[in-house]
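Listed below are the residues making up each chain.
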Amino acid sequence: YKFIAKELKKNKIFGIFRGKMEYGPRALGNRSIICSPQKIEINEILNQKLKRSEFMPFAPCVLAEDFETYFQSKIAVEDYKFMTFTCETKKICDEVAPAIVHLDKSARPQSVFKKDNNFLYNVLTEFKKETGLGMLINTSFNVHEEPIVESCNDAIKSFKESKLDYLVIENQIIKQI
């Protein structure tokens, strides 16, 4: 977790392929691409690597206990576990996580609880120790118009094609050459 957090702080991009594939419309940390939201330029870099259009915004995953620091919502933090609702961002996001703020000052956050995804929770916790921010960009692990990676071979193919910096497969980390 510490290694991943230190590399994320350096603006490195990770593909994550761990455990079972999520069920539903979003990647929630097992078939994800994660990176720091601290520099707005990461949006263009991700769009180029993943061959995505500029209008496709990137969503954050955030430690559940930090949710209310960054987002305004009338519904419970627990309801954001599946990244299916949008809410308003607080002004602090413009400063510390501009890459997740949409043009209308909204975001589609994922609240991360340790009991739901221990790996992602620990990465967020270590990233917070490194940067003071318990939030990352979390987008689905796929190249545009391709399905989310399902197998280890899919993950490796997508990793090579998109030229991400690192690939996490279970407890192994592979670096792009």
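Here, the structure is the one placed above.
Residues numbered from 1 in each chain as written. Predicted model: local features only at pLDDT ≥ 70, side-chain atom pairs only at ≥ 80, totals over all residues. Heavy atoms only, no water.

> Whenever I open this one, the environment of Arg108 confuses me. Can you help?
Among the secondary structure elements, Arg108 is positioned in the loop between strand E6 (106-107) and strand E7 (110-112). With relative accessibility at 22%, the residue Arg108 sits in the partly exposed group. Sequence spacing of Arg108 and Thr89 is 19 residues, and the spatial spacing of their C-alpha atoms is 9.4 Å. In contact with Arg108, other than residues within four places in its own chain, are Arg26, Ala59, Pro60, Met83, Thr84, Phe85, Thr86 and His102. A polar contact is formed between the side chain of Arg108 and the backbone oxygen of Met83, at a distance of 3.3 Å. (Helix = DSSP H or I, 4+ residues; strand = E, 2+ residues; numbered from the N terminus. Buried < 20%, exposed > 50% of the residue type's maximum accessible area, 1.4 Å probe, protein only. Contact = heavy atoms within 4.5 Å. Polar contact = N/O pair within 3.5 Å; in protein donor to acceptor, adjacent residues only side chain to side chain.)

> Looking at this model, I keep getting lost on the environment of Ser36. Mind explaining?
By the element assignment, Ser36 lies in the loop between strand E2 (31-35) and helix H2 (41-50). Owing to a relative accessible area of 1%, Ser36 belongs among the buried residues under this scheme. The sequence separation of Ser36 and Gly134 amounts to 98 residues, and the corresponding C-alpha distance is 10.0 Å. The contact partners of Ser36, leaving out residues within four places of it in the chain, are Leu8, Asn11, Ile42, Phe127, Leu136 and Ile137. Separated by 3.1 Å, the side chains of Ser36 and Gln38 make a polar contact.

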